[in-house]
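In case you want the letters, here they are:
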Amino acid sequence: MTRFIAQHILAPILVTCGVLGNIFNIVVLRSPKMKSSTNVYLMALAICDSMYLIFMFLLSFFNCENKNQFTFVFYIVPFGRVFSDLFGNTAVWLTVAFTLERYIGVCHPMKGKAWCTIGKAKLAVISVFIISLINTFPEFFELEIVEFIHIGKEKSTILKCQTTRFGSTSSYQIGYFWWYVAFFNFFPLVLLAVFNSILIWSVWKANKTRRTLSNSTVIGETTRQATEQQKVTTMLISVVIIFLLCQLPWAILLLYKAYISANDINSHGDSLRIAGNVCNLLVEFNSSVNFLLYSYFSSRFRRTFKRIFCKWKRERDRRRSLSSSSDTFRKSSSSKESTTATSVSSYRSKRGMVSDLSARGNLICQKL
């Protein structure tokens, strides 16, 4: 029941909203007016979150336990699981990267001017992806698809996902598992907790200083720029806090699984599966919510979004404005034409009167 609710009801809703929101994020962050080193990380994060959601959505319907699915699906499942882990792991370290960058920019502004550049941000994104790929690559050799011949009333072929000999070795299961937990769960969470705490303290201190300056006469462009930077920092802090809240249960579950496996403790398999479905749902929520955070905290993001996606409204207003101007011009032209016609008619009437008087004068002169 938990799997059905989590994977077939809630997951499609989260995936649809999340992928749509991340597409909006990518389009807005690619705008020339949004160019910054922080937005390079956020755009890469949106791409990874979208890919993660798509693969997780496919895996919620396609799995090795379903015997009635198409044959090619069995061969997709092992790779789909690895790619979902790859993009999820990349998103984890991208979050660490932009948190570290914001820490340098806020706490060490002089160094931030040299290090927090768009070029270095792009290099960091590529490096994070390559490192995540290297550390996730062994998962490609964990599972294999095996064909079994079932002899009953009719001879049929049954496909099953099976752990490979490489994946069954104790050195791989223990060594790689602990390295995976440490590198993609423990270390990132510790780093995020430390740097995020420092950023929260810095924002609190900056807000206190800004309130002091607002009571004095020291205001201007510098204060406005600092306020905007504080808003960006607050937005990134919110992103990290939600990330920690959604990722921490999954990290605890992995540690618990490792503990019971190492000590041969009997556990309720259904309870672990229920917990796994809930944790997956939390991670999917984390990958879907960033658009709302950007829209809420960043006025610059909102303005760019309206400028890009509300073109139809501006076009409608422009047409109305042109139509109104055209009507005004026609009315003005009509009024001028009427005035001109009246003037010409008056001129012609006066000219006729003058001609008539002249003719009568000539006739009187002739009689005299």
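It should be emphasised that the depicted structure is a prediction, and the values quoted were computed from it without experimental measurement.

Each value, and the rule that gives it
Residues numbered from 1 in each chain as written. Predicted model: local features only at pLDDT ≥ 70, side-chain atom pairs only at ≥ 80, totals over all residues. Heavy atoms only, no water. 1 Å grid on protein atoms, 1.4 Å probe; cavity = no way out; pocket = protein on both sides within 12 Å on 5 of 7 lines; lining within 4 Å. Points joined across faces, edges and corners; volume = space filled by probe spheres on them. Helix = DSSP H or I, 4+ residues; strand = E, 2+ residues; numbered from the N terminus. Nonpolar A, V, L, I, M, F, W, Y, C, P; charged D, E, K, R; others polar. Axes fitted to C-alpha atoms, helices over the stretch in contact; angles between N-to-C directions. Parallel < 35°, antiparallel > 145°, perpendicular 65-115°, else oblique. Contact = heavy atoms within 4.5 Å. Phe/Tyr/Trp six-rings, centres within 6.5 Å; stacked < 30°, edge-to-face > 60°. Buried < 20%, exposed > 50% of the residue type's maximum accessible area, 1.4 Å probe, protein only. Lys NZ or Arg CZ within 6 Å of the ring centre and 35° of its normal.

Our focus in this paragraph is empty space enclosed by the protein. Taken as a whole and judged by the stated rule, the model has one cavity of 30 Å³ or more. Quantified by volume, the largest cavity comes out at close to 50 Å³. Around the largest cavity, the lining residues are Phe-55, Leu-58, Leu-59, Phe-62, Ile-76, Val-77 and Gly-80. Secondary structure elements with two or more residues in the lining of the largest cavity: helix H2 (37-61) and helix H3 (71-107). Along the lines of polarity and charge, the residues of the lining of the largest cavity split into six nonpolar, one polar and no charged.

Moving on to the packing of helix H10 (residues 290-297) against helix H11 (residues 299-309). Where H10 meets H11, the closest approach of the two axes is 5 Å, and the angle between their N-to-C directions is 105°. Judged on the interaxial angle alone, H11 and H10 are roughly perpendicular. Of H11, the residues touching H10 (which contributes Phe-291, Tyr-294, Ser-295, Tyr-296 and Phe-297) are Ser-299, Phe-301, Arg-302 and Phe-305. Considering only residue class, the contact of H10 with H11 consists of six nonpolar, two polar and one charged.

To continue, consider the packing of aromatic side chains. A full pass over the atoms with the stated rule returns 25 aromatic pairs. Summarising the aromatic geometry, the rings of Phe-24 and Phe-305 are spaced 5.4 Å apart at their centres and angled 80° between planes, so their arrangement reads as edge-to-face. Of this pair, Phe-24 sits in helix H1 (residues 2-29) while Phe-305 sits in helix H11, placing them 281 residues apart in sequence. For Phe-305, a relative accessible area of 21% puts it in the partly exposed group. Between Phe-55 and Phe-83, the ring centres sit 5.6 Å apart and the planes meet at 20°, which makes this aromatic pair stacked. Here Phe-55 is found in helix H2, whereas its partner Phe-83 is found in helix H3, with 28 residues between them in sequence. On the accessibility criterion, Phe-83 (30% relative accessible area) is partly exposed. If you follow Lys-120 out to its NZ or CZ, it ends over the ring of Trp-115, 6.0 Å from the centre.

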